[in-house]
Amino acid sequence: MGEIEDGEADHVTTDVQGQKCTLVYECTAPESVAGKDNLPLLNAVLKNPVCKLYRFPTSDNKWMRIREQMSESILSFHIPKELISLHIKEDLCRNQEIKELGELSPHWDNLRKNVLTHCDQMVNMYQDILTELNKETGSSFKSSSSKGEKTLEFVPINLHLQRMQVRSPHLKGGKCLQSAQLLSLSIPDALYDVITVGAPAAHFQGFKNGGLRKLLQRFETERRNTGYQFIYYSPENTAKAKEVLSNINQLQPLIATHADLLLNSASQRSPDSLKNSLKMLSEKDRVWANVGKSLNCIIAMVDKLIESDGGSKSPDSGTDGETDPSQADSDTSHPREDWYAQLHPLILSLKDCMGEVVSRAKQSLTFVLLQELAYSLPQCLMLTLRRDIVFSQALAGLVCGFIIKLHTSLHDPDFLQQLHMVGLVVQYEGLLSTYSDEIGMLEDMAVGISDLKKVAFKIIEAKTNDVLPVITGRREHYVVEVKLPTRMFELLPLQIKEGQLLHVYPVLFNVGINEQQTFAERFGDVSLQESINQENLELLKEYYTIFMEKMPPSYISHFQEQNDLKGLLENLHQNIQAKKRKNVEIMWLAATICRKLNGIRFTCCKSAKDRTSMSVTLEQCSILRDEHQLHKDFFIRALDCMRREGCRIENVLKNIKCRKYAFNMLQLMAFPKYYRPPEGTYGKADT
């Protein structure tokens, strides 16, 4: 599909003269779309839908009907605002911990002041950006022409759900469809979703010095080579220090709470409650090796109290349930010591010891972070800003894709089983060239997508009408809480309802297709694209291995009968190794594997407007041909129809106020054959 064919570079258009578009109905009113979707809850996330309906002939000369829909998402702004709020909270906490380091030598005190000045400026900038974003009430779309605006840096570019619903007569008993029936698509035979979004990249920051992949490598090399000034800590060690510091902040109040519960159990003289409270305290205390002695004293005392209590309350004492009078006299004249009084001083000792350990640990780890900041300003903060920007754009798209996938697959038990046993693969198709500024964009995108590995999802029951997701965590680990109404929440497996974290496996495959990629292939360097594709092939193989190991044997047996994933992965491997110019077969294979694995599909170029439109329309028509028996003589007609009259030309209009894809004749000569729009749909336009 779409493979380059030598000798066809002069064939600039795929339009066929005299063939009319088979678009039969157009709908842009939100209310008329919501009913057909049969998923009204998605209306809380998706906005401003555009809908086009077509009918195309099948290979047996019947009609299939297709509904194409494109929708914005309010998550474009909601997720960045959630994330920036977390960054501000995290950075304010770090700044306060640096201030509380106590008295330092004059040298380190001056370094601390400098660090705090820069960090406070960073927080102020994030607060200003958040203030500006909060003014964008009701916004759900950032146009391609706004990608360089500073106040919108964290917002993804041109984020949309691109959906195709298909009803094929050969899947419905061969009944021929009448024209009137074409308007009813409430129960499609098949549904295909792709999230389209501009490549996550820091456009306002620019690409003069490259993108994140190169900048981070250069930064670490410089830090390592200047290590004589300070002790070098790798990014992994620094991340671990931040994680430990975060755990300390969370565990200290928990341990104190459980210690108080232990005292409360003692005051109630309840052996069972005492044991449970001790167990919870012991579990929370495992990380504190230095407070082990205090805890051991408490354990010994609890054992002693329970043992003495059991000895004085023997059910066999006396006859016929009567108590020995001498025993009663003894209890009266020598009452047992109060459990609370015996445990209280030990609990106080534990808390004091724990407080001292916590204070020392926090100071030590905070000093590590101070040292890292002190000797890498301002580069480290600028890299943090750039990484936050790129990650915010990537996360907004991911959350949108996850919620849509969850809602459309909620009644699929195999999907729900896969969701909690394995997790979901998230496949990104990149169309960026490895030339000029787009090298930096691809370097940003590669890191932003890789960083999504530190995101987990948790599905909770919605208690109010507010179903927007909530994000918790810090830069090293985020949890996105997705809310479902009770009736939908009850459909979930027990593990998910109990709060199991659900993981995603992001992979990126990129193939440049424009004229700049031609320059890169002939006169430049394509090693970045080759490295990214090879690295992500290994990640995709890892996911497939986990999938085959964790899913039940009964499911795997049926799955293997229906899908040759192993063959597709081998084919993908061979195409990546072939190093063929503009080998778009890589993207088709990766997309096919993703769909067969119930994954989430993304397609990205610089602004998700022109090249992305060519790709998703080609993917849609290829699916109609390969999966739904689109008549072979109508493939090009269907393709031109979708590009000329479909949702994607509407996407161009809403971005640049012009119904023209931003290509010219010379550029299109360098494009693979099936990525060229029909005559009359392209021309000079801002991009």
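The structure under discussion appears in the preceding block.
Residues numbered from 1 in each chain as written. Predicted model: local features only at pLDDT ≥ 70, side-chain atom pairs only at ≥ 80, totals over all residues. Heavy atoms only, no water.

A. Spotlight on the overall build of the protein chain. For the protein chain, the count of helices and strands is 23 helices and eleven strands. Relative to its 687 residues, the protein chain shows a buried fraction of 52%. When contacts within the protein chain are restricted to residue pairs at least 6 apart in sequence, long-range pairs at least 24 apart make up 79% of them. Roughly 30400 Å² of accessible area belongs to the protein chain as shown, and the carbon and sulfur atoms make up 50% of that amount. (Helix = DSSP H or I, 4+ residues; strand = E, 2+ residues; numbered from the N terminus. Buried < 20%, exposed > 50% of the residue type's maximum accessible area, 1.4 Å probe, protein only. Contact = heavy atoms within 4.5 Å. Areas by Shrake-Rupley, 256 points an atom, 1.4 Å probe, with all protein chains shown as cover.)

B. Structural context of the environment of serine 85. Relative to the assigned elements, serine 85 resides in helix α2 (residues 75-99). Note: C-alpha distance between serine 85 and leucine 130 (45 residues apart in sequence) is 7.5 Å. Separated by 2.9 Å, the side chain of serine 85 and the backbone oxygen of lysine 81 make a polar contact. (Polar contact = N/O pair within 3.5 Å; in protein donor to acceptor, adjacent residues only side chain to side chain.)

C. Here's a closer look at the packing of α2 against helix α9 (residues 339-374). Between α2 and α9, whose axes approach to 9 Å, the crossing angle comes to 105°. The angle between α2 and α9 falls in the class roughly perpendicular. The segment α2 lies against α9, with Arg94, Glu97 and Ile98 engaging Lys362, Thr366, Leu370 and Leu373. When grouped by side-chain class, the residues that make up the contact of α2 with α9 number three nonpolar, one polar and three charged. (Axes fitted to C-alpha atoms, helices over the stretch in contact; angles between N-to-C directions. Parallel < 35°, antiparallel > 145°, perpendicular 65-115°, else oblique. Nonpolar A, V, L, I, M, F, W, Y, C, P; charged D, E, K, R; others polar.)

D. Expanded view of the packing of helix α4 (residues 212-225) against helix α12 (residues 437-450). The geometry of α4 relative to α12 is characterised by a closest axis approach of 6 Å and an angle of 80° between their N-to-C directions. Considering their axes alone, α4 and α12 lie roughly perpendicular with respect to each other. Contacts from Leu212, Arg213, Lys214 and Leu216 in α4 reach Glu443, Asp444, Ala446 and Val447 in α12. Split by residue class, the contact of α4 with α12 holds four nonpolar, no polar and four charged.

E. Structural detail: the packing of aromatic side chains. Overall, the coordinates contain 16 aromatic pairs when judged by the stated rule. Taken together, a centroid distance of 4.3 Å and an interplanar angle of 20° make the contact between tyrosine 428 and phenylalanine 602 stacked. Residue tyrosine 428 is found in strand β6 (residues 424-430), and its partner phenylalanine 602 is found in strand β11 (residues 600-604); the two are separated by 174 residues along the sequence. Grouping residues by exposure puts tyrosine 428 and phenylalanine 602 together as buried. Linked through ring pairs, Tyr505, Tyr543, Phe547, Tyr555 and Phe559 together constitute an aromatic cluster. For the cation-ring pair, lysine 454 lies above phenylalanine 391, with the distance from its terminal atom to the ring centre recorded as 5.2 Å. The ring of phenylalanine 141 is capped by lysine 654, whose NZ or CZ atom sits 4.7 Å from the centre of that ring. (Phe/Tyr/Trp six-rings, centres within 6.5 Å; stacked < 30°, edge-to-face > 60°. Lys NZ or Arg CZ within 6 Å of the ring centre and 35° of its normal.)

F. View of the environment of methionine 614. Following the sequence through the fold, methionine 614 ends up in helix α20 (residues 611-628). Residues methionine 614 and methionine 642 lie 28 residues apart in sequence; the distance between their C-alpha atoms is 9.6 Å. Those residues in contact with methionine 614 that sit more than four places away from it in its chain are Arg643, Tyr661, Phe663, Tyr675, Arg676 and Pro677.

G. A nonpolar patch on the surface, seen in detail. A contiguous nonpolar patch, built from Tyr435, Phe519 and Phe523 and spanning about 350 Å² of accessible area, is present on the exposed surface. Inspection of the secondary structure assignment puts phenylalanine 523 in helix α15 (residues 515-523). Look at phenylalanine 523 and you get exposed, because its relative accessible area is 69%. (Patch = residues over 30% accessible without salt bridge, like charges linked within 9 Å, V, L, I, M, F, W, Y side chains within 5 Å. Salt bridge = Lys/Arg side-chain N within 4 Å of Asp/Glu carboxyl O.)

H. Up close: the side chain of arginine 94. Note on placement: arginine 94 falls in helix α2. A distance of 3.2 Å separates the side chain of arginine 94 from the side chain of asparagine 95, its partner in a polar contact. Aside from chain neighbours lying at most four places away, what touches arginine 94 is Cys119 and Leu373.

I. Layout of the pattern of salt bridges. For the structure on display, the rule yields 27 salt bridges. Across the pair glutamate 438 and arginine 611 runs a salt bridge, and its minimum N-O distance is 2.7 Å. Of this pair, glutamate 438 sits in helix α12 while arginine 611 is found in helix α20, placing the two residues 173 residues apart along the sequence. Residue classification places glutamate 438 among the buried residues on the basis of a relative accessible area of 4%. Where glutamate 619 meets arginine 601, a salt bridge forms, and the shortest distance between an N and an O atom there is 2.6 Å. Of this pair, glutamate 619 sits in helix α20 while arginine 601 sits in strand β11, and the two are 18 residues apart along the sequence. With relative accessibility at 2%, the residue arginine 601 sits in the buried group. Through salt bridges that share partners, Glu90, Asp91, Arg94, Asp388 and Arg475 make up one connected network.

J. Focus on the nonpolar core. Ranked by size, the top nonpolar core spans 60 residues in total, and within it Phe56, Phe509, Phe547, Leu572 and Leu624 carry the most contacts. The element contributing the most residues to this core is helix α19 (residues 585-596), with seven residues. Among the nonpolar cores identified, the runner-up in size contains 59 residues, and Leu83, Leu398, Leu424 and Leu442 belong to it. (Core = buried A, V, L, I, M, F, W, Y, C linked by side-chain atoms within 4.5 Å.)

K. Representation of the pairing of strand β9 (residues 477-484) in the model. Buried residues dominate β9, accounting for seven of its eight residues. Here strand β7 (residues 455-461) runs beside β9; their pairing, made up of seven bridges, is parallel. Counted as the bridge partner of glutamate 461 is leucine 484 from β9. Pairing geometry for strand β8 (residues 470-474) and β9, over five bridges, is antiparallel. When the bridges of β9 are listed, glycine 473 appears paired with tyrosine 478. (Pairing = 2+ DSSP bridges.)

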